[in-house]
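Residue-level listing of the chains:
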Amino acid sequence: MSEVKLAAETRTEFGKGAARRIRRESKVPAVVYGHGTEPVHIALPGHELQLALRTPNVLLTLDIEGKTELAIPKAVQRDAIKGYLEHVDLLLVKRGEKVTVEIFVQTEGELAPGSFLVEHVLNTLTVEAEATHIPESVTVSIAGLEAGASILAKDVPLPAGTTLAIDEDAVVLQVLAAQAEEAPAEGEAEAGAEA
């Protein structure tokens, strides 16, 4: 779990025009909320935030005018064409507090010999973990699996202190037999060649 420190400035202007001005200054408008407090509107340094958000479920230590707060990204809005950050919603957390987040599912190993494919039914798992110890991902072994095999959420090895927040019988991965294309019948091939 990585922790990134960012200096935040409170904002008093709202709306599209104010957001555009903030982005022109290479900053990102954001809002911090949670724990029954009033939402705090802030501006964060754009480049540092972009780098921090490369890590899934990154823990951010925000310095908001001398007050330190811990937060995790809840919603990130990006420009659809250029990909720059438009707005970020951050959820306040406390050390020792459990939070529900999604973590990526990765695979390792080789399937059994043959024409098999792995279907990722779930690319992420919803888990509950301590806010300062959120895993980035989990790895599942698919070594030797054949068609018809599936891995359920309860079969995924989770780090200590992390529990499932979804149905334990939910299918995460399944192995399928590859479908070969059938060759067209002889009459159909000739008709296609004449057309």
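For every chain, the first residue of the written sequence is number 1, and numbering continues from 1 along that sequence. The model is predicted, so local features are restricted to residues of pLDDT at least 70 and side-chain atom pairs to those at 80 or more, both for listing and for counting; the totals for chains, interfaces and linings are taken over all residues. Side-chain numbers here rest on the full set of heavy atoms in the structure, without hydrogens or water.

1. Observations regarding the overall build of the chain
Convention followed: The secondary structure listing takes helices from DSSP runs of H or I that are at least 4 residues long and strands from runs of E that are at least 2 residues long, numbered from the N terminus. We take the radius of gyration over the C-alpha atoms and set the globule estimate at 2.2 Å times the residue count to the 0.38 power. Burial classes: relative accessible area under 20% of the type maximum marks a residue as buried, over 50% as exposed, and values in between as partly exposed (1.4 Å probe, protein chains only). Contact definition: two residues touch when any of their heavy atoms are within 4.5 Å. Working definition of accessibility: Shrake-Rupley area with a 1.4 Å probe, residue cover restricted to the visible protein chains. When charges are counted, neither His nor the chain ends are considered; positive counts come from Lys and Arg and negative counts from Asp and Glu. Lysine's charge is taken at NZ, arginine's at CZ, aspartate's at CG and glutamate's at CD.
Check the secondary structure of the chain and you find three helices and 13 strands. The globule rule puts the C-alpha radius of gyration for 195 residues at 16 Å, and the 23 Å found for the chain is more than 25% above it. Along the first, second and third principal axes, the C-alpha set of the chain runs to 75 × 50 × 25 Å. Relative to its full complement of 195 residues, the chain shows a buried share of 33%. Residue pairs in contact within the chain that sit at least 24 positions apart in sequence constitute 64% of those at least 6 positions apart. Summed over its atoms, the accessible surface of the chain is roughly 11,700 Å², and 49% of this surface lies on carbon and sulfur atoms. Treating the 17 positive side-chain charges of the chain as one cloud and the 31 negative ones as another, the clouds have centres 18 Å apart.

2. Thoughts on the pairing of strand 7 (residues 98–108)
What counts, and what does not: Note on pairing: DSSP must find at least two bridges between two strands before they are called paired.
One ladder, built from seven bridges, connects strand 7 with strand 9 (residues 124–130); its direction is antiparallel. Bridging from a neighbouring strand, F104 pairs with T124 of strand 9. The pairing of strand 7 with strand 10 (residues 137–141) spans five bridges and is classified as parallel. Residue pairing for strand 10: V105 is matched across the bridge by V138.

3. Quick word on the sheet that holds strand 6 (residues 85–93)
Definition in use: Orientation is described by lines fitted to C-alpha atoms, with helices fitted over the stretch in contact, and by angles between N-to-C directions that extend from 0 to 180 degrees.
One closed barrel holds the six strands; their spatial order is 1-3-2-6-5-4, and the pairing between them is mixed. Pairwise comparison of adjacent strand axes, ignoring direction, gives a mean angle of 45 degrees for this sheet. Pairing of strand 4 (residues 59–64) with strand 5 (residues 67–78) involves five bridges; the strand directions are antiparallel. Counted as the bridge partner of D63 is T68 from strand 5. Those strands touched by helix 1 (residues 16–24) are strand 2 (27–34), strand 3 (37–45) and strand 6, and its axis lies near 120 degrees from that of strand 2.

4. Observations regarding the pattern of salt bridges
Put simply, the rule is: One side-chain nitrogen of Lys or Arg within 4 Å of one carboxyl oxygen of Asp or Glu is enough to make a salt bridge.
Enumeration according to the criterion identifies four salt bridges in this entry. A salt bridge links E69 to K67; the shortest N-O distance between them is 3.3 Å. For K67, a relative accessible area of 52% translates into the label exposed. Each of the salt bridges in this network shares a partner with another, and the network as a whole consists of E9, E25 and K27.

5. Some thoughts on helix 1
So the rule is basically this: The directions considered for the arc are those from the helix axis to the C-beta atoms.
Among the residues making up helix 1, those that are buried are A18, A19 and I22. All buried residues of helix 1 lie within an arc of 100 degrees about the axis, which places them on one face of the element. Away from the buried face of helix 1 by more than 90 degrees, exposed residues K16 and R24 are located. Contacts from the buried residues of helix 1 go to strand 2 and strand 3. Note on helix 1: the residue one or two positions beyond its end, S26, has a positive phi of about 60 degrees.

6. A closer look at the environment of I42
By the element assignment, I42 lies in strand 3. Sequence separation between I42 and K27 is 15 residues; the distance between their C-alpha atoms is 9.8 Å. Not counting residues within four places of it along the chain, the set of residues in contact with I42 comprises A8, E9, T10, R11, V28, P29, A30, V32, L62, I64 and L90.

7. As for the environment of F104
Its location among the elements puts F104 in strand 7. Separated by 47 residues in the primary sequence, F104 and I151 have C-alpha atoms spaced 15 Å apart. Discounting chain neighbours no more than four positions away, the residues touching F104 are P56, N123, T124, E136, S137 and V138.

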